[in-house]
Amino acid sequence: MKKKLLFVCLGNICRSPSAEAVMNGFLKVNMLNDEFECDSAGTGGWHVGERADSRMRTHAARRDYDLTSIARQFNPKSDFDEFDLIIGMDAQNVSDLQDIARNSEDLHKIKSMTDYCTRYKHYNSVPDPYYGGADGFELVLDILEDACDGLLKQISK
Ligand code: 4NP
C-alpha cells in the first residue's frame, strides 16, 4: 500500500500545491513514486475548484515544477483516515488542523513542514506569499525544496 502525504495551507493555491509538486518531483527523481502519493488541501474554502495562483505557477515552472492540482478544502471526515501524514505549511494551519482532529491518532499525523528543514531551520513557517511580491514566491520554493529533501530522507528511512 502506498503511503499518502497531504500538504495543507490556507487557500490551497500557493504553498501546499507547490509542496505537492516539489515532493512529486523529488519522489520521481528518487524512483519512489510507486511507494508514496501526494495531495494538497486548504483549511479555507475560498478558492475551491481553482487552479494554483498563476504567480506561483510561473515561479514553480522556472524550476521545472508543474502545478496541476485543483484547490479543495481539507475534509476531516475522510482526510484524517486516508492520509498517513498531514503536513501544515505554517503554525496557523497546524493549529487549525489540530482543532478539528477527532482523536489522538489524527493528532499524531499532523506535522509542520518547516520541521523537516535543514538549511531553512530558522523559519518556523512557510510564509504566505499571497499579498507579497516575487521574492515571496521564490522563498516559498526555497523553503519547500529544503523541507521536501528532509521529508524524503525521513520517510524513505
Ligand atoms: P496559500 O496562500 O494558503 O499558500 O494558498 C493563500 C491564498 C489565498 C489566500 C490566502 C493565502 N486568500 O486569502 O485568499
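Relevant structure appears above.
Quick caveat, the model's predicted, so the values are computed rather than measured. (Residues numbered from 1 in each chain as written. Predicted model: local features only at pLDDT ≥ 70, side-chain atom pairs only at ≥ 80, totals over all residues. Heavy atoms only, no water.)

Moving on: the environment of L85. Mapped onto the secondary structure, L85 falls in strand 3 (residues 85–88). Sequence-wise, L85 and I110 are 25 residues apart; in three dimensions their C-alpha atoms are separated by 6.3 Å. Those residues in contact with L85 that lie beyond four places of it in its chain are K4, L5, L6, K109, K111, Y116, L151 and I155. (Helix = DSSP H or I, 4+ residues; strand = E, 2+ residues; numbered from the N terminus. Contact = heavy atoms within 4.5 Å.)

This part is about the side chain of K4. Structurally, K4 is set in strand 1 (residues 3–9). Only 2.7 Å separates the side chain of K4 from the side chain of E82, close enough to count as a polar contact. With residues near it in sequence (within four places) discarded, K4 still touches E37, E82, F83, D84 and L85. (Polar contact = N/O pair within 3.5 Å; in protein donor to acceptor, adjacent residues only side chain to side chain.)

What follows is about the site of the ligand. Every residue near the ligand is listed here: C9, L10, G11, N12, I13, C14, R15, H47, D128, Y130 and Y131. The contact in question runs from an oxygen atom of the ligand to an N or O atom on the backbone of I13, over 3.0 Å. Between the ligand and C14, the relevant distance is 2.9 Å, taken from an oxygen atom to a main-chain nitrogen or oxygen of the residue. The fraction of the free accessible surface of the ligand (350 Å²) that becomes covered by protein chains is 92%. Residue composition of the shell around the ligand, by class: six nonpolar, three polar and two charged. (Near = heavy atom within 4 Å. Areas by Shrake-Rupley, 256 points an atom, 1.4 Å probe, with all protein chains shown as cover. Nonpolar A, V, L, I, M, F, W, Y, C, P; charged D, E, K, R; others polar.)

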